[in-house]
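If you want the building blocks of each chain, they are given just below.
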Amino acid sequence: MTGSPPVISRPDGSLSLLQRIVDDSLDPTYAKVAAARADGTSHRAPLGRRTLAFGGALAVLAMLTTVTVSRTWQQEPDDARSRASLLERVRDLTAASEVATEEVSALGEQVERLRAEALSGVGADARRESRLQRLSVAAGTTPLQGPGVQVVMDDGPPSRSDALGPDVARVLDRDVQLVVNGLFAAGAEAIDVNGQRLAWTTAIRSAGDAILVGFRPLSRPYVVTALGDPLTLEARFADSPSGAEMATIAATYGIRFEMSTGDSLEVEGESVMQPDYARAKEK
Amino acid sequence: MVGVIGLVLGIVLGLLLEPTLPLWLQPYLPIAVVAALDAVFGGVRARLDGIFDDRVFVISFIGNVLVAALVVFLGDQLGVGAQLSTGVVVVLSIRIFANAAAIRRHIFHG
């Protein structure tokens with residue numbers, strides 16, 4: 001040891017703490033015992049015992065290390081395996097849900113076809129068929145096409161101004177609800193959002209950062225397609241309170257909001273819940 | 001020489017016996033290893049300084065391991081186990097580095 005180190009007063013106390021750890025890295029007891037030995041007050045242990053102590057300690061250290069390392073190695077494959085099995089499950093379930101979705105649409109087509117056959121078989125019950133068609137159009141189960149307007153909404157560039165905080169230039173579920181409600185009020189007959197038709201059970205809400213329409217998460221940009229009179233729909237929406245509020249929101253927070261009319265737009269159909277228990281009230 | 005024999009013996013013992021540690025002890029093992037490592041580096045440095053003493057060494061070895069395990073155990077009970085482990089590892093590694101540097105100076109610069 002080099003004796004007591006010179007005491008340097010530092011402006012920051014924490015550094016002297018670190019310095020002390022470095023200075024005292026060798027147990028000071030060694031120096032003390034060595035000094036005692038030099039005085040003759042203590043005797044040095046025989047070489048054999050010294051060696052044994054050192055070798056024994058190293059053996060214990062090596063054993064501890066080996067056990068710890070081997071345990072870590074055993075643990076890693078376990079973690080990797082559970083991750084892999086989770087991934088596999090996700091893939092399996094995704095594939096299964098894709099198959100099921102395909103089956104649903106195939107069965108839907110089959111139902112359509114059988115119904116058409118059955119109705120034509122009954123023989124010219126054209127009134128019933130047109131009534132069915134009208135009902136399914138109204139319920140939102142059939143894909144539709146026609147003139148209308150298309151609204152494109154998208155998140156703005158992130159955080160234009162710090163005063164507003166982060167994440168304000170984002171389209172929220174409330175904005176989508178506002179536009180949809182405004183369009184319905186303006187006379188839209190059928191609306192879909194990113195290919196998700198709004199039927200009578202469809203909810204617009206958010207989960208975390210994602211906007212869900214009919215429990216399916218949407219990805220940006222959000223395209224709202226509304227069928228209706230192209231001459232009045234846009235103007236009536238712009239004049240409505242919803243339109244005014246949406247314009248304010250877009251201008252304030254820097255959200256992209258564009259509206260255009262189209263002659264031949266399409267909206268998807270949506271499978272609606274079939275009532276199993278509810279019956280029409282008897283007159 | 002003795003050190004090398006001890007190391008090899010320890011590794012062989014650890015591999016052959018594969019002692020199954022009780023589960024409650026396992027979280028403290030890594031910290032105990034680092035503490036033991038610190039004691040061993042201190043011992044080697046003392047040896048090169050010519051002031052090695054077996055009693056001091058063994059006591060510092062066992063004491064280091066026990067105190068390190070105890071600190072982590074206490075930290076676990078208090079809910080700051082991770083932070084205390086980090087603190088212990090930081091302090092011990094600073095000491096290990098300082099001792100390793102002293103050992104290096106001894107070996108390469110007489």
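That block above? That's the structure.
Residues numbered from 1 in each chain as written. Chains lettered and ligands numbered in written order. Predicted model: local features only at pLDDT ≥ 70, side-chain atom pairs only at ≥ 80, totals over all residues.

**Comments concerning the overall build of chain B**
A tally of regular secondary structure across chain B gives four helices and zero strands. A buried classification covers 33% of the 110 residues belonging to chain B. (Helix = DSSP H or I, 4+ residues; strand = E, 2+ residues; numbered from the N terminus. Buried ≥ 20, exposed ≤ 12 C-beta atoms within 10 Å, placed from the backbone.)

**Examining the sheet that holds strand 4 (residues 204-207) of chain A**
Two pairing modes exist for strands in a sheet, parallel and antiparallel, and in both the strands are linked by backbone hydrogen bonds. All names here are of chain A. If you walk across this open sheet you meet the three strands as 4-5-6, and the pairing is antiparallel. Either end of the sheet is taken by a strand with one partner, and the two such strands are strand 4 and strand 6 (216-217). Here two bridges tie strand 5 (residues 210-213) to strand 6, and the two strands are oriented antiparallel to one another. If you follow leucine 212 over to strand 6, its bridge partner there is proline 217. Relative to strand 4, helix 5 (residues 173-185) is tilted by about 170°, and along the sheet it contacts strand 4 and strand 5. (Pairing = 2+ DSSP bridges. Contact = placed C-beta atoms within 7 Å. Axes fitted to C-alpha atoms, helices over the stretch in contact; angles between N-to-C directions.)

**Digging into unusual backbone geometry**
Residues and elements named next belong to chain A. Arginine 220 connects to proline 221 through a cis peptide bond whose omega is -15°. The residue asparagine 194 is not glycine, and still its phi comes out positive at about 50°. Position of asparagine 194 relative to the elements: it lies in the loop between strand 2 (190-193) and strand 3 (196-197). Here phenylalanine 215, not a glycine, exhibits a phi torsion of approximately 65°, which is positive.

**Description of the interface of chain A and chain B**
The partner chain B presents 38 residues to the 31 residues of chain A that form the contact. When residues of the side of chain A that touches chain B are traced back to their parent elements, those giving at least two are helix 1 (13-23), helix 2 (28-39) and helix 3 (47-122) of chain A. Along the lines of polarity and charge, the residues of the side of chain A that touches chain B split into 20 nonpolar, eight polar and three charged. (Nonpolar A, V, L, I, M, F, W, Y, C, P; charged D, E, K, R; others polar.)

**Notes on the sheet that holds strand 3 of chain A**
Residue and element names in this part refer to chain A. Read across the sheet, five strands follow the order 3-2-7-1-8 without closing on themselves; strand pairing throughout is antiparallel. Looking at which strands have only one partner, the edges of the open sheet turn out to be strand 3 and strand 8 (256-267). Relative to strand 7 (residues 222-227), strand 1 (residues 144-154) runs antiparallel, the two being bridged by six bridges. Considered in strand 7, the bridge of methionine 153 is made with tyrosine 222. Each of strand 1, strand 2 and strand 7 touches helix 5; the most contacted strand, strand 7, lies at about 10° to it.

**Comments concerning the pairing of strand 2 of chain A**
Looking along a regular strand, one sees side chains alternate from face to face of the sheet. All names here are of chain A. Here strand 2 shows two buried faces, one formed by Ala190 and Asp192 and the other by Ile191 and Val193. As paired elements, strand 2 and strand 7 share four bridges and run antiparallel to each other. Opposite aspartate 192, over in strand 7, you have threonine 225 as the bridge partner. Pairing of strand 2 with strand 3 involves two bridges; the strand directions are antiparallel. Bridge pairing links aspartate 192 to arginine 197 in strand 3. Between strand 2 and the antiparallel strand that follows it, strand 3, lie two residues; asparagine 194 among them carries a positive phi value of about 50°.

Everything listed here is a matter of coordinates, which is why it stays silent on function.
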